[in-house]
Each structure stands twice: as C-alpha cells, then as structure tokens.
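# Tertiary structure, described
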Amino acid sequence: MQNKKINPVMLFIKESWLLIVCSFVFGLLLAAINAAWQPRIEQNKIGNISDALKTVIPQAKNFERIWSDEQITLDESGKAQKVELFKATASGKTVGWAYTSVGPGYADKIELMIAVDANFEKILAYKVLFSNETSGFGDKIKNDYYKDQFKGAPADELELLKLGDETVIDDKIIAISGATISSEAVVSIFNTYNTTIKAVMKEKGLLK
Amino acid sequence: MADDKKTFSVFLAGIWKENPVFALLLGMCPTLAVTGDVKSALTMGLSATFVLLCSNVVVSLLRGLLKPHLRILIFTLTISTFVTIADLFLKAFLPDMSEKLGPYIPLIIVNCLIICRAEACASKSGVWISFVDGLGMGLGFTITLCILGAVREILSLGSLFGYRVMPDGFITMFAFALPVGAFVTLGLMLGLVNIINTKLAK
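Residues numbered from 1 in each chain as written. Chains lettered and ligands numbered in written order. Predicted model: local features only at pLDDT ≥ 70, side-chain atom pairs only at ≥ 80, totals over all residues. Heavy atoms only, no water.

Within an unreviewed UniProt entry, the label attached to chain B reads Nitrogen fixation protein RnfE, and the organism entered is Limihaloglobus sulfuriphilus. Word for word, the UniProt comment on chain B under Subcellular location (unreviewed entry) is "Endomembrane system". (UniProt positions renumbered as here; feature names shortened; annotations may be inferred.)

Going by an unreviewed UniProt entry, chain A carries the name Nitrogen fixation protein RnfG and comes from Limihaloglobus sulfuriphilus.

Right, here's the structure in full:
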C-alpha cells in the first residue's frame, strides 16, 4: 500500500489556520484601538513636555522647539542620544534654554528636562519627566529640597557630596540621605549633558 | 438552582478557597512589585482582571478548535492582545499611573495566573463558567493586592489612596515601601490566612 503524499503547504494551513486567523483578527483589533487612542497618547506626551517647560522656566512666554530629535554624542563610546532643545523667550528676548536628557537611575532610567539661562552659564531648574526610583527614597529627586540646590548652580561640572549645607548654591550638591545612587544619577546626567550641549550649541551658532 | 450554586462556588473559589495569591501563590511578581500603595495595586488588579476575563471568554469560545500543539500559542496570542489593549488604555487615559507601573502592565502577559486559568478552566468549560471564573479570580487577585497595598502604604507613608490617615505622631516605616516590606507583609498575611483556614477546617 502506498502512502498518500500530502502537500506541505496544505498541511501547514490545515494545522495552523486558527493561529493565522486569530493573528489577523487580533492584529486588526489592536490596529483599530491604536488608531483611536494614539492621538490622545501623543497629546499626553506633548502636554507632559509643555508642563515641564512651564515649570522649569516659568518667566517664559513662548517656547520654540530648536531641535526635535538631534542626535548628540555624549561620551567616548560614540553612542548618540536623542535630545530635544527648546528656546524660551519673553517679550522677544531669550530668557533661557531647556533640553531633554536621560541617564541610568537606581531602578530604571531617569529622564529630566533641564533648564539653563540665556548664556548657558547657570542652571535654572530641572523637572523629572520619567523615573521609577524607590518610593520614599530615590523619588525624593522630585522634591524641592533636592531640586532647589540646582537653581543658580553653575552649568558646568557638578560634584556630589554626602554631607554639607544644601542651602549654599554652588557646584556642590548634597545627596539625599538613603538615596545616594539616585542623587548621583541626577548629577551625572547634568555633568554628561551640560558641557556637550553647550559645545554643540556654540558650534551651531545658538550661543555666543 | 444547582447551576446557580455551581456558578456561585466557582466565583467564591477565586475570592478565598483558590485565591490566586493566598492559595495558588500565582502572580507573585506584581504582588510584590506594585503594592507599595493602594492606587497602583488597584490599577494592576483591575488590569489583570480585564485581561483574565477577556482571555477566558475568548479561549472558551475557541476551545472546540484548539489543537494540542497550538494551545499555548493561542493562549499567549490572546493574552498579549488584551494586555496591549490595557496598556494603551492606561497610556491614553491614566498616563501618570501608566508611567508609575512602567513595565509591570506589559508583564501581565507572563502572569502565570492568566495562562493557568486559560488552561485549567477556560479551555475545558463553557463561556459562562469561564467568565465567572475570570471574574472571581480577578477580583480575588485585586482584593489581595489592595489589602497588601493598604497595609504597606499605611505603614510606610501613613496614608491611604494618597490621603493622610494616621495621626501626626505616627512613625512611618519606609522599609514597607521597599521589596523587603512586600515580602514581610505577604508572609504575615499568608500566615494569617493559614491560621484562619485551619480554624475553619476544625
């Protein structure tokens, strides 16, 4: 008796038609839901950036997006990082610059919106755009106690100290007790970005 | 009448007798990771309930067509579809909570509670029983997460749903906001449930 030969394509379809149909139906469902909600998700992201800009440079009347996804090489590894840069103006005068930055934290990445003055000499403020730091410890990087130390500090190399007077505004930042890694992560983001962004802006004629 | 009793016992099993956390010890990852406060625990619990309900119903509808070698693939495909919907919903309507829960919502895909119910109940039962099982298990999971979240939030921050509930002199214990607090609280609650079950058995 001779075995009947089965076409491999037919066999494949016979064995997996349910999976193919399910993939197609679920794919359509997800595409429809994504199309319906994506504008709202995008709006939330824009709103988040817009709120952050108003928080870090409250005196600004207008924000102009200078770089939307500029690729900047930040370290010797040569890996480029996407940076968004905004120019803050009031009465036609530049009052500051704000840019997005990212670096590793204790639990996850930390994303910051950093604001500096018009000449890129002093830090104005920062706002945490994203972080997953430990509740009650690392998430204190969002508290005024820590953030206020950066307001007016030089936009150059900053140094993290475990002890000191946090009310003195200089290049020394006093770490949050019990959250040294998160404190260090924020200082490291400032140190990684400030010098490079300043140099690139000068190169592109945005700064004198 | 007998059917009503069976349905009710399936629903109750998820809440107490076969509670996903206290009895089956399933879904431990979100149980330990996102119960630092009640809001996060509630959002995680309701998201998992939505996925569990939908996947149970779909798997039950497809049960006559399932082939042994495609079973797990279909379960995973179904679960991941509803997890993506839950993730998109949170990103669109609760962006702060979506950011806070981070990767734990997409990780519902690998929550063994959901695949366990698809395998143990939905692939062998009718749509109504699968729906009730999903609802019971989901609510059992949500209630447990909320109790853990409430205990940890009160002890670590002195608050509930973000509102201060403890008097000014109350000394907060930050350890309960950390993973160690999750393990200690869960351990104590498991012990308490075992004591209650032993007394009920007598």
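On the side of chain A, 26 residues touch chain B, which itself brings 27 residues to the contact. Carbon and sulfur atoms supply 75% of the area buried between chain B and chain A, which totals about 2400 Å² over both sides. At the surface where chain B touches chain A, the tally comes to zero salt bridges. Across the chain B-chain A interface, the total number found is five residue pairs in polar contact (both at pLDDT 80 or more). When residues of the side of chain B that touches chain A are traced back to their parent elements, those giving at least two are helix H3 (38-62), helix H4 (71-93) and helix H5 (95-101) of chain B. (Contact = heavy atoms within 4.5 Å. Buried area = accessible area lost by both parts, 1.4 Å probe. Salt bridge = Lys/Arg side-chain N within 4 Å of Asp/Glu carboxyl O. Polar contact = N/O pair within 3.5 Å; in protein donor to acceptor, adjacent residues only side chain to side chain. Helix = DSSP H or I, 4+ residues; strand = E, 2+ residues; numbered from the N terminus.)

The next point concerns the sheet that holds strand E1 (residues 62-73) of chain A. Adjacent strands of a sheet pair through backbone hydrogen bonds, lying either parallel or antiparallel. All names here are of chain A. An order of E1-E2-E3-E4-E5 is seen for the five strands of this open sheet, with the pairing classed as antiparallel. The outermost strands of the open sheet, each flanked by one partner alone, are E1 and strand E5 (123-130). When the angles between neighbouring strand axes are averaged without regard to direction, this sheet yields 20°. Across six bridges, the pairing between strand E2 (residues 80-90) and strand E3 (residues 93-104) is antiparallel. Residue Phe 86 lies in a different strand from E3, and its bridge partner there is Ala 98. Sitting on the sheet, helix H1 (residues 8-56) touches E1, E2, E3, strand E4 (109-116) and E5, and the angle it makes with E5 is about 155°. With respect to the sheet, helix H3 (residues 180-203) is in contact with E1, E2, E3, E4 and E5, its orientation differing from that of E3 by roughly 130°. (Pairing = 2+ DSSP bridges. Axes fitted to C-alpha atoms, helices over the stretch in contact; angles between N-to-C directions.)

Right, let's talk about the confidence of the model for chain A for a bit. In the predicted model, chain A carries a mean pLDDT of 90, and 96% of its residues have values of at least 70. Within chain A, the lowest mean pLDDT, 86, falls on E1 of chain A, and the highest, 94, falls on E4 of chain A. (pLDDT = per-residue confidence, 0-100.)

Residues and elements named next belong to chain B. Interhelical geometry of H3 versus helix H6 (residues 112-122) gives an angle of 30° and a closest axis separation of 10 Å. Regarding the angle of H3 to H6, the classification is roughly parallel. The two elements H3 and H6 cross, and the hand of that crossing is right-handed. Touching Ala 48, Val 51, Leu 52, Ser 55, Asn 56, Val 59 and Ser 60 of H3 are Leu 113, Ile 114, Arg 117, Ala 118 and Ala 122, all from H6. (Parallel < 35°, antiparallel > 145°, perpendicular 65-115°, else oblique. Left-handed = near helix turned anticlockwise from the far one by under 90°.)

What follows is about the confidence of the model for chain B. Counting all residues, the mean pLDDT for chain B is 92, and 99% of those residues have values of 70 or more. As scored by the predictor, the complex reaches a pTM of 0.79 and an ipTM of 0.87.

Moving on, we come to empty space enclosed by the protein. Tallied over the entire structure, the rule returns one cavity of 30 Å³ or more. As for the largest cavity, its lining consists of Lys 14, Glu 15, Trp 17 and Leu 18 of chain A together with Leu 65, Lys 67 and Leu 70 of chain B. Residues that form the lining of the largest cavity fall into these classes: four nonpolar, no polar and three charged. (1 Å grid on protein atoms, 1.4 Å probe; cavity = no way out; pocket = protein on both sides within 12 Å on 5 of 7 lines; lining within 4 Å. Points joined across faces, edges and corners; volume = space filled by probe spheres on them. Nonpolar A, V, L, I, M, F, W, Y, C, P; charged D, E, K, R; others polar.)

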